[in-house]
Amino acid sequence: MAESVDELLAPGNGWADRIRDRVTRLPPELTTLVLHLGRAGTFWDWHYRTDAGWKRQTKALLKAAGARELVAEAIRALAAGGSLHDCTDPSVTWQELWAKSDRTPTRDLANGFALAAGHLARGASATELESLVDDLVTVARKNAFVLDGYYKRDDDLSGAVFTALADLSAMEALWTLHREVQPGAHSHRHLAKMVKKTATRLGVPHHQFQERTVPTHGIGEDGTLRLGWIGRGAVWLNVPYEAVITVDDTGRVTVDWIDVDEGGTVTRTTSPFRSPTGFKTKYLPHNVDVTRRLARKIEESLGAERGRLRALLQENRLWPHAEWARYYRDHPLTGILTRSLIWEYETDEGTWTAGLPHPAGCLTLDGRTLDIAATTRVRLWHPARATPARTTTVRTFLTEHHIHQPYDQTAEAI
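These numbers were taken from a predicted model, which means no experiment stands behind them. (Residues numbered from 1 in each chain as written. Predicted model: local features only at pLDDT ≥ 70, side-chain atom pairs only at ≥ 80, totals over all residues. Heavy atoms only, no water.)

So, the overall build of the chain
Within the chain, the regular secondary structure consists of 16 helices and ten strands. Within the chain, counting contacts between residues at least 6 apart in sequence, those at least 24 apart form 63% of the total. Summed over its atoms, the accessible surface of the chain is roughly 19,300 Å², and 50% of this surface lies on carbon and sulfur atoms. If you average the places of the 51 positive and of the 52 negative side-chain charges in the chain, the two averages end up 5 Å apart. (Helix = DSSP H or I, 4+ residues; strand = E, 2+ residues; numbered from the N terminus. Contact = heavy atoms within 4.5 Å. Areas by Shrake-Rupley, 256 points an atom, 1.4 Å probe, with all protein chains shown as cover. Lys, Arg positive; Asp, Glu negative; His and termini not counted. Charge placed at Lys NZ, Arg CZ, Asp CG, Glu CD.)

Observations concerning the packing of helix α7 (residues 126–143) against helix α9 (residues 171–180)
At their nearest, the axes of α7 and α9 sit 11 Å apart, and the two run at 15° to each other. Relative to α9, α7 is oriented roughly parallel. The element α7 and its partner α9 pack so that their crossing is right-handed. Across the interface between the two elements, V133, V137, A140 and R141 from α7 touch A173, T176, L177 and E180 from α9. In the contact of α7 with α9, the residues fall into five nonpolar, one polar and two charged. (Axes fitted to C-alpha atoms, helices over the stretch in contact; angles between N-to-C directions. Parallel < 35°, antiparallel > 145°, perpendicular 65-115°, else oblique. Left-handed = near helix turned anticlockwise from the far one by under 90°. Nonpolar A, V, L, I, M, F, W, Y, C, P; charged D, E, K, R; others polar.)

A short note on the packing of aromatic side chains
Scanning the entire structure with this criterion turns up 14 aromatic pairs. An aromatic cluster is defined as three or more aromatic residues linked by ring pairs; in this entry it consists of W319, W324, Y328, W343 and Y345. The positively charged end of R379 is found above the aromatic ring belonging to W352, 3.9 Å away from the centroid. (Phe/Tyr/Trp six-rings, centres within 6.5 Å; stacked < 30°, edge-to-face > 60°. Lys NZ or Arg CZ within 6 Å of the ring centre and 35° of its normal.)

Here's the deal with the sheet that holds strand β4 (residues 265–270)
Across the sheet, which stays open at both edges, the four strands sit in the order β1-β2-β3-β4 with antiparallel pairing between neighbours. The open sheet terminates on both sides in strands that have one partner only, identified here as β1 (224–227) and β4. If you compare each strand with its neighbour and ignore which way they point, the axes differ by 15° on average. Where β1 lies against strand β2 (residues 242–247), four bridges are found, and the strand directions are antiparallel. (Pairing = 2+ DSSP bridges.)

Comments concerning the side chain of T198
Checked against the element boundaries, T198 lands in helix α10 (residues 188–202). Those residues in contact with T198 that sit more than four places away from it in its chain are A166, S169, M171 and L174.

Observations regarding the environment of D408
Inspection of the secondary structure assignment puts D408 in the segment after α16 (388–400). A polar contact of 2.8 Å, which involves the side chain of D408, links it to the side chain of T410. (Polar contact = N/O pair within 3.5 Å; in protein donor to acceptor, adjacent residues only side chain to side chain.)

Notes on the pairing of strand β3 (residues 253–259)
Of all seven residues in β3, seven are buried; the element is thus mostly enclosed. Burial of the side chains of β3 extends over both faces: V253, V255, W257 and D259 are buried on one face and T254, D256 and I258 on the other. Pairing of β2 with β3, which is carried by six bridges, proceeds in the antiparallel orientation. Each residue of the ladder has a partner; that of V244, found in β3, is D256. The hairpin turn running from β2 into β3, its antiparallel successor, is five residues long, and G251 in that turn takes a positive phi close to 90°. Pairing of β3 with β4, which is carried by six bridges, proceeds in the antiparallel orientation. (Buried < 20%, exposed > 50% of the residue type's maximum accessible area, 1.4 Å probe, protein only.)

A look at the packing of α7 against helix α8 (residues 155–167)
As a packed pair, α7 and α8 sit with axes 9 Å apart at the nearest point and diverge in direction by 150°. If you check the angle between α7 and α8, you find them roughly antiparallel. Two packed elements cross with a definite hand, and for α7 against α8 that hand is left-handed. On α8, the residues that touch V133, L136, V137, V139, A140 and N143 of α7 are D155, L157, S158, V161, F162, A164 and L165. Looking at the contact of α7 with α8 residue by residue, the class counts come to ten nonpolar, two polar and one charged.

Quick word on the sheet that holds strand β10 (residues 377–380)
Here six strands make up an open sheet; going across it, the order is β5-β10-β6-β7-β8-β9 and the pairing antiparallel. Either end of the sheet is taken by a strand with one partner, and the two such strands are β5 (319–320) and β9 (369–371). The sheet contact formed by β5 and β10 spans two bridges and is antiparallel. Paired with W319 across the two strands is V378, which belongs to β10.

As for the nonpolar core
W15, F113 and L165 are the most contacted members of the largest nonpolar core, which has 83 residues in total. Broken down by element, this core gets its largest block of residues, eight residues, from helix α4 (residues 67–79). Setting aside residues up to four positions removed in sequence, W15 forms contacts with A74, A77, L78, S83, L84, D86, T106, L109, A110 and F113. Formed by 27 residues, the second largest nonpolar core is a distinct cluster that contains L227, V247, V255 and W257. (Core = buried A, V, L, I, M, F, W, Y, C linked by side-chain atoms within 4.5 Å.)

Considering unusual backbone geometry
Here S271 and P272 are connected by a cis peptide whose omega angle stands at 15°. Structurally, P272 is set in the loop between β4 and α12 (279–283). Unlike most non-glycine residues, F145 shows phi in positive territory, near 60°. In this structure, F145 sits in the loop between α7 and α8. The backbone of F273 shows a phi angle near 65°, a positive value even though the residue is not glycine. Turning to its location among the elements, F273 is positioned in the loop between β4 and α12. Residue class for F273 comes out buried when judged on its relative accessible area of 0%.

Okay, structure coming up:
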């Protein structure tokens, strides 16, 4: 156990160097705080459980003058550069980035500062709190393989940040990270737990929880996910060949298997996504099966979303356009289905305009493109609210624009 702050700061560690002057010239009460935070390693590990006694003492020590500012500055320094591990130099091999980090006093101190940040809400201004949350999100992104580049994964630190954000009731930040952090990170399960715990505490309705936790499975805005060896695909999942999983505009999932040992030969398969002959022999079954399982999970999520979007016809839900766009139109999976359905936009009070989602707002049934304000209310178009002539117009519009819907929205039986 460290008896001085210097013992907690590893020479050559970028984060330690950034905070060294700040934390080695402190009054006794703040030195006591730093030494206490450095003891987080006595309990914080992959179980992600906080020691109750340590937590109580942390809250007491944070009452000292300057303590809150010190923690916020340490988190700001942790969000800078390559975060804790500073692996931003391209000379560092990708294999080193995947190597599990050993427990060190500096890592324990970083985890301690992250956990302490969760207790800074009381007395903080809205601006200070927003800045702290932004820094915590950046730390999580750099340590949970969200960002491309030379950032070393650290599940312990990511888990500490998720705990802090839950303690701060930073629901929007947790929604964002739940969408960005993939299950390839060990801390993802803890993140899901913190999201659910915080949403329950804040009274988030079940339907909102559902729409905000739809997985992306790493699918990008263009409907694709590229897998490959370290440095040649998704940073959170590596395979010794290359593969591209694609979700097209109709919601069909395909896998392009790329044999890197045979000049890049490409074989496209659909469900159940069988690999080309000889692939498992060459690249080993467990490496091939991980891509197949991921493609099947994407199919399953799309199927669940089809059912959920169909059920919305019976709920008469309303969304502000900005919220709806984030969780429906622009979601990598939900968006593929959303963009093929007819929605209604309240362009004037009590006046609803039907059309397809469009990057600029809405493509109306008569071919106009409308700019939709962020606060405009949106609802799913329902044939029960339309005249037979209007339903025919919608059906003609969908046919002329070659729209493949996840279900027949104009069917009278709905």
